[in-house]
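Descriptive structure summary
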Number of protein chains: 2
Amino acid sequence: MPSAKRTKPMRRGIASGSAAVALTRQAEDYLKTIYEIERNGDAAATTLIAARLHIAPASVSGMVRRLARQGLVEVERYRGARLTIRGRRRALQMIRRHRILESYLVTRLHFGWDGVHEEAERLEHAVSPDLIERMAAALGHPAVDPHGAPIPRADGTVDDMRLRTVGDLAVGRSARVARMSDRDPALLRYLGELGIRPGVSLRLVDRAPFEGPLTVAVGRMRHIIGTAVARQVYVR
Amino acid sequence: MPSAKRTKPMRRGIASGSAAVALTRQAEDYLKTIYEIERNGDAAATTLIAARLHIAPASVSGMVRRLARQGLVEVERYRGARLTIRGRRRALQMIRRHRILESYLVTRLHFGWDGVHEEAERLEHAVSPDLIERMAAALGHPAVDPHGAPIPRADGTVDDMRLRTVGDLAVGRSARVARMSDRDPALLRYLGELGIRPGVSLRLVDRAPFEGPLTVAVGRMRHIIGTAVARQVYVR
DNA sequence: CCAGAAAGTTAGCAGCTACTAACTTTCATC
DNA sequence: GATGAAAGTTAGTAGCTGCTAACTTTCTGG
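Below or above, wherever it landed, is the structure these notes cover. Not measured: the values here are computed from a predicted model.

Conventions we followed
- Residues numbered from 1 in each chain as written.
- Chains lettered and ligands numbered in written order.
- Predicted model: local features only at pLDDT ≥ 70, side-chain atom pairs only at ≥ 80, totals over all residues.
- Heavy atoms only, no water.
- Core = buried A, V, L, I, M, F, W, Y, C linked by side-chain atoms within 4.5 Å.
- Buried < 20%, exposed > 50% of the residue type's maximum accessible area, 1.4 Å probe, protein only.
- Helix = DSSP H or I, 4+ residues; strand = E, 2+ residues; numbered from the N terminus.
- Contact = heavy atoms within 4.5 Å.
- Near = heavy atom within 4 Å.
- Polar contact = N/O pair within 3.5 Å; in protein donor to acceptor, adjacent residues only side chain to side chain.
- Nonpolar A, V, L, I, M, F, W, Y, C, P; charged D, E, K, R; others polar.
- Phe/Tyr/Trp six-rings, centres within 6.5 Å; stacked < 30°, edge-to-face > 60°.
- Lys NZ or Arg CZ within 6 Å of the ring centre and 35° of its normal.
- Salt bridge = Lys/Arg side-chain N within 4 Å of Asp/Glu carboxyl O.
- Least-squares fit on C-alpha atoms with pLDDT ≥ 70 in both.

1. What about the nonpolar core?
- If you look at the biggest cluster of nonpolar residues, it comprises 34 residues, and the most contacted ones within it are Leu109(A), Leu123(A), Leu131(A), Leu109(B), Leu123(B) and Leu131(B).
- Listed by contribution, the elements that provide at least two residues to this core are α4 (85–109), α5 (116–123) and α6 (129–138) of chain A together with α4 (85–109), α5 (116–123) and α6 (129–138) of chain B.
- In terms of residue count, α4(A) provides more of this core than any other element does, 6 residues in total.
- Each residue touching Leu123(A), except ones within four places of it in the same chain, is listed here: Leu101(A), Leu105(A), Leu123(B), Ala126(B), Val127(B) and Leu131(B).

2. Notes on the protein's contact with DNA strand C
- Residues in contact with DNA strand C amount to 21 residues; listed here are only the nearest, Thr24(A), Ala56(A), Ser59(A), Thr47(B) and Arg65(B).
- Near the protein, meaning within 4 Å, the atoms of DNA strand C are sugar or phosphate in a fraction of 82%, with bases accounting for the rest.
- Between DNA strand C and Ala56(A) there is a distance of 2.7 Å, counted from a phosphate oxygen to a backbone nitrogen or oxygen.
- For DNA strand C, a phosphate oxygen lies 3.4 Å from a polar atom in the backbone of Tyr78(B).
- Among the elements that line the surface near DNA strand C, the one with the most residues is helix α3 (residues 57–69) of chain A, at 5 residues.
- Each residue belonging to the surface near DNA strand C can be placed in one class, and the counts come to 9 nonpolar, 6 polar and 6 charged.

3. Description of the environment of Ala56(A)
- With respect to the helices and strands, Ala56(A) occurs in the loop between α2 (46–53) and α3.
- Taking the C-alpha atoms as reference points, Ala56(A) and Leu101(A), separated by 45 residues in sequence, lie 29 Å from one another.

4. Points about the packing of aromatic side chains
- This model, assessed by the stated rule, comprises 0 aromatic pairs over all chains.
- Its guanidinium or amino end placed over the ring of Phe111(B), Arg134(A) lies 4.4 Å from that ring's centre, counting from NZ or CZ.

5. A few points about the interface of chain A and chain B
- Across the boundary between the two partners, chain A contributes 34 residues, which contact 34 residues of chain B.
- The interface formed by chain A and chain B includes 0 salt bridges.
- At the junction of chain A with chain B, the criterion picks out 9 residue pairs in polar contact (both at pLDDT 80 or more).
- Residue assignment for the side of chain A that touches chain B shows that the elements contributing at least two residues are α1 (25–38), α2, α4, α5 and α6 of chain A.

6. With respect to unusual backbone geometry
All names here are of chain B.
- Its identity as a non-glycine residue notwithstanding, His 54 has a phi of 55°, on the positive side.
- Tracing the backbone through its elements, the reader meets His 54 in the loop between α2 (46–53) and α3 (57–69).
- In this structure, Tyr 78 takes a positive phi of about 70° despite not being glycine.
- Note that Tyr 78 resides in the loop between β1 (73–76) and β2 (80–83).

7. What about the protein's contact with DNA strand D?
- Lining the immediate surroundings of DNA strand D are 21 residues, of which Thr47(A), Arg65(A), Thr24(B), Ser59(B) and Arg66(B) lie closest.
- A breakdown of the atoms of DNA strand D within 4 Å of the protein gives sugar and phosphate a share of 82%.
- Here a phosphate oxygen of DNA strand D and a side-chain polar atom of Ser61(A) are 2.7 Å apart.
- For DNA strand D, a phosphate oxygen lies 2.7 Å from a polar atom in the side chain of Arg65(A).
- Elements supplying a minimum of two residues to the surface near DNA strand D: α2 and α3 of chain A together with α1 (25–38) and α3 of chain B.
- Looking at the surface near DNA strand D, the element that brings in the most residues is α3(B), giving 5 residues.
- Per-class residue counts for the surface near DNA strand D are 9 nonpolar, 6 polar and 6 charged.

8. A short note on the side chain of His117(B)
All names here are of chain B.
- Along the chain, His 117 turns up in helix α5.
- Here His 98 takes part through its side chain, which lies 3.1 Å from a polar atom of the side chain of His 117.
- Setting aside residues up to four positions removed in sequence, His 117 forms contacts with His 98, Glu 102, Asp 182 and Arg 183.

9. Describing the relation of the copies chain A and chain B
- You can overlay chain A on chain B at an RMSD of 0.1 Å; the transform is a turn of 180° with a shift of 0.0 Å along its axis. Each copy turns onto its partner about a two-fold axis.
- The residues that chain A uses at the interface reappear at the interface of chain B in 100% of cases, marking a shared surface.

Here it is as structure tokens:
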């Protein structure tokens with residue numbers, strides 16, 4: 001079952017040119033997490049990485065050091081981590097895998113959009129590039145996943161524009177739902193019940209004072225949603 | 001990305017009733033390997049496990065002890081390991097996953113039958129039972145995989161009868177190819193070129209003396225194959 | 001039966017990834 | 001600018017999985 005080529009320590013000065021080095025599941029998750037945090041501009045803070053991965057901050061320091069040793073991140077002590085070019089390439093590869101997997105599972109194996117995330121999360125570390133490209137081809141190379149998130153291209157580029165959320169909408173304004181987080185199945189189910197999914201149009205009818213709940217119109221239904229929910233629904 | 005429930009040591013006296021405990025990739029591979037070795041009747045010898053997994057015998061002793069601690073194998077010191085009921089169930093679950101994955105990849109994603117093994121080998125540790133059952137359903141619950149190997153049922157039973165190989169055939173006898181090993185892509189490609197695959201009929205035309213090469217007729221072609229190859233092709 | 005070979009085990013080491021506890025640095029606020 | 005809180009790091013521990021080296025047990029063939 002292994003076909004295992006011993007993965008020896010195999011140190012090198014410049015940490016190998018570019019040919020995707022074998023990384024552990026964990027290392028790949030760190031890279032993805034750092035990528036997502038970094039999208040907000042700043043270096044990824046230890047505590048944020050720890051919180052997203054549900055591990056202790058102390059554990060992050062160690063792993064980040066290992067990633068730095070492999071040339072995947074740059075660290076400034078007490079200041080957080082940033083992906084290197086190679087790190088970013090790898091992070092985007094994982095995200096591409098994740099989103100293609102989600103798309104495939106939803107359209108070809110009838111997974112619910114609220115349940116795919118977890119499955120894709122495990123599979124993304126096990127699939128070969130060949131399999132991913134076969135899935136992408138079978139799907140006709142989709143540009144977005146079932147949650148509306150853009151799928152990075154095989155060459156490592158993405159169109160990942162920053163979108164407004166329902167929470168940013170001015171009262172009375174309409175917008176089309178573009179995307180929502182895939183992380184929380186319960187939230188997705190809830191939104192699904194309200195008819196809120198990528199593609200539908202909605203209008204912000206009212207906003208209670210002091211960061212209070214919002215009233216949105218979807219079709220001819222009205223729903224009252226909390227601000228936390230409103231922040232998870234991206235519109236265009 | 002983790003949705004990680006901390007996997008605490010969590011010791012128990014009887015090692016949990018039956019609800020599939022989380023195992024590492026390695027542990028799962030050991031179970032599969034032991035299962036396959038045990039099919040020959042004897043307890044699985046340390047050296048054999050080591051050879052199949054391409055690791056040192058010393059490493060096997062340690063892992064086998066851990067598997068025993070978890071109630072998955074029984075060990076008699078210096079005598080080898082045997083699967084417990086739970087261990088066997090788990091091994092068969094992995095084999096089911098592997099074979100359904102191979103079937104799915106070949107029929108739905110156009111993988112060559114010589115290349116699927118490795119992909120399935122990685123995926124089998126990452127797929128959920130739900131995904132496997134969806135794939136099985138999509139394929140119409142096949143009984144055998146693309147190499148002719150029987151797919152264990154979801155309830156953990158298999159019809160795994162011992163078959164003769166081409167090497168066992170008497171000169172002049174015909175038989176239908178039932179199955180072949182999925183392990184060696186080069187061998188599979190070679191057999192494919194000879195037109196030898198599950199379902200085709202062949203006849204043993206001649207057998208050179210002293211364990212020498214065999215001449216087989218496939219359709220109206222004749223091929224001379226070595227005994228090592230002949231032992232890998234199962235017939236019925 | 002007994003000696004050498006083969007098989008198997010233990011001991012000690014290393015790297016990974018996580019933990020807690022204790023310490024250091026940085027930040028925010030007065 | 002000092003100071004306490006927050007953030008981050010190090011040190012030490014633990015389990016997993018692999019390794020090699022050295023030792024023990026079992027087998028095999030004279």
